[in-house]
Amino acid sequence: MADDVETGRRTHWLVLLAVAGAVLVIDQVAKATVRATLPYGDTTSFAGVDLHHTRNPGLLGGTLPGAAVPVGLLTLVGLAVALRYYATHPSLSMTRRVACGLLLGGAVGNLVDRLRLGYVTDFIARNDRNAFNLADLAIYAGLGLMLLLLLVADRRNARRPARL
């Protein structure tokens, strides 16, 4: 019985770290490739996607420019709270574990840029000035998946008869 609990606990963390690690590596390799091959401010097309090398010195599309350290520290606090929550809920479904891994990997991917470079490298063009990156996509996917799971859980709970 104790072995089953320990195996479950290891799987719990393994899924989180594997997904987060994959997101982090893919994101950092993509950003390094863009910085090395696409001059800052230039735009090109790759596989039907416009790539535009930009630097985001703030967050949320460039708000709070120059706040890399405070935003980085705030991100670290948020990550610590999220990891504490994750640690105290080992019975999360596999889908929630993956969603948490996407969020963690995306947050760490942007945090690494912010603390190392003072800005986040963005490159997937939304228009001629704004762009986002793979870490942002992982964050959006993780949040979307979490929202979907919450909505599904709410619908299930609404269908259950009330207990007296």
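Report follows, based on the coordinates. (Residues numbered from 1 in each chain as written. Predicted model: local features only at pLDDT ≥ 70, side-chain atom pairs only at ≥ 80, totals over all residues. Heavy atoms only, no water.)

### Describing the overall build of the chain
We apply this condition: Strands here are runs of E lasting at least two residues and helices are runs of H or I lasting at least four, both read from the DSSP assignment and numbered beginning at the N terminus. Classification of residues uses two cut-offs on accessible area relative to the type maximum, computed with a 1.4 Å probe and protein chains only: under 20% is buried, over 50% is exposed, and between them is partly exposed. Should any heavy atoms of two residues lie within 4.5 Å, those residues are considered in contact.
Secondary structure assignment for the chain yields 4 helices and 4 strands. If you list the helices and strands of the chain from N to C, you get α-β-β-α-α-β-β-α. Relative to its full complement of 164 residues, the chain shows a buried share of 32%. By sequence separation, contacts in the chain at least 24 residues apart represent 69% of the contacts at least 6 residues apart.

### Details of the environment of Val 98
With respect to the secondary-structure elements, Val 98 resides in helix H3 (residues 94–117). Classification of Val 98 by relative accessible area gives partly exposed; the value is 28%. Sequence separation between Val 98 and Val 15 is 83 residues; the distance between their C-alpha atoms is 6.7 Å. Not counting residues up to four positions away in its chain, the partners in contact with Val 98 are Val 15 and Val 19.

### Quick word on the side chain of Arg 97
Following the sequence through the fold, Arg 97 ends up in helix H3. Non-local contacts of Arg 97, meaning those with residues more than four positions away in its chain, are made with Thr 11, His 12, Val 15, Leu 16, Tyr 86, Pro 90 and Leu 92.

### Some details on the pairing of strand S1 (residues 43–46)
Operational definition: Note on pairing: two strands pair once DSSP finds at least 2 bridges between them.
Relative to strand S2 (residues 49–56), S1 is paired through 4 bridges, and the arrangement is antiparallel. Bridged to Thr 44 within S2 is Leu 51.

### Some remarks on a nonpolar patch on the surface
Heads up, the condition is: By definition, no residue in a patch forms a salt bridge, and every one has over 30% relative accessible area; like charges are joined within 9 Å, nonpolar side chains (Val, Leu, Ile, Met, Phe, Trp, Tyr) within 5 Å. Accessible areas in this description were obtained via Shrake-Rupley with a 1.4 Å probe; residue shielding takes into account the shown protein chains only. Any Lys or Arg side-chain nitrogen located within 4 Å of an Asp or Glu carboxyl oxygen qualifies as a salt bridge.
On the surface, a nonpolar cluster with roughly 370 Å² of combined accessible area is contributed by Val 69, Leu 73, Leu 76 and Leu 115. Top element by residues in the nonpolar patch is helix H2 (residues 68–87). It accounts for 3 residues. Along the chain, Val 69 falls in helix H2.

### Remarks on the layout of surface pockets
Stated formally: We place a 1 Å grid over just the protein atoms. Points where a 1.4 Å probe fits but has no way out form a cavity, open points with protein on both sides within 12 Å along at least 5 of 7 lines form a pocket, and any residue with an atom within 4 Å of a point lines it. Grid points are joined across faces, edges and corners, and a volume is the space filled by probe spheres set on the points. Each residue receives one of three labels: charged for Asp, Glu, Lys and Arg, nonpolar for Ala, Val, Leu, Ile, Met, Phe, Trp, Tyr, Cys and Pro, and polar for the others, Gly being one of them.
The space that makes up the second largest pocket amounts to roughly 210 Å³. As for the second largest pocket, its lining consists of Ala 30, Thr 33, Val 34, Thr 37, Leu 38, Thr 44, Phe 46, Val 49, Leu 51, Phe 123, Ile 124 and Leu 134. Listed by contribution, the elements that provide at least two residues to the lining of the second largest pocket are helix H1 (2–37), S1, S2 and strand S3 (120–125). Ranked by residue count, the leading element in the lining of the second largest pocket is H1, at 4 residues. Of the residues contributing to the lining of the second largest pocket, the split by class is 9 nonpolar, 3 polar and no charged.

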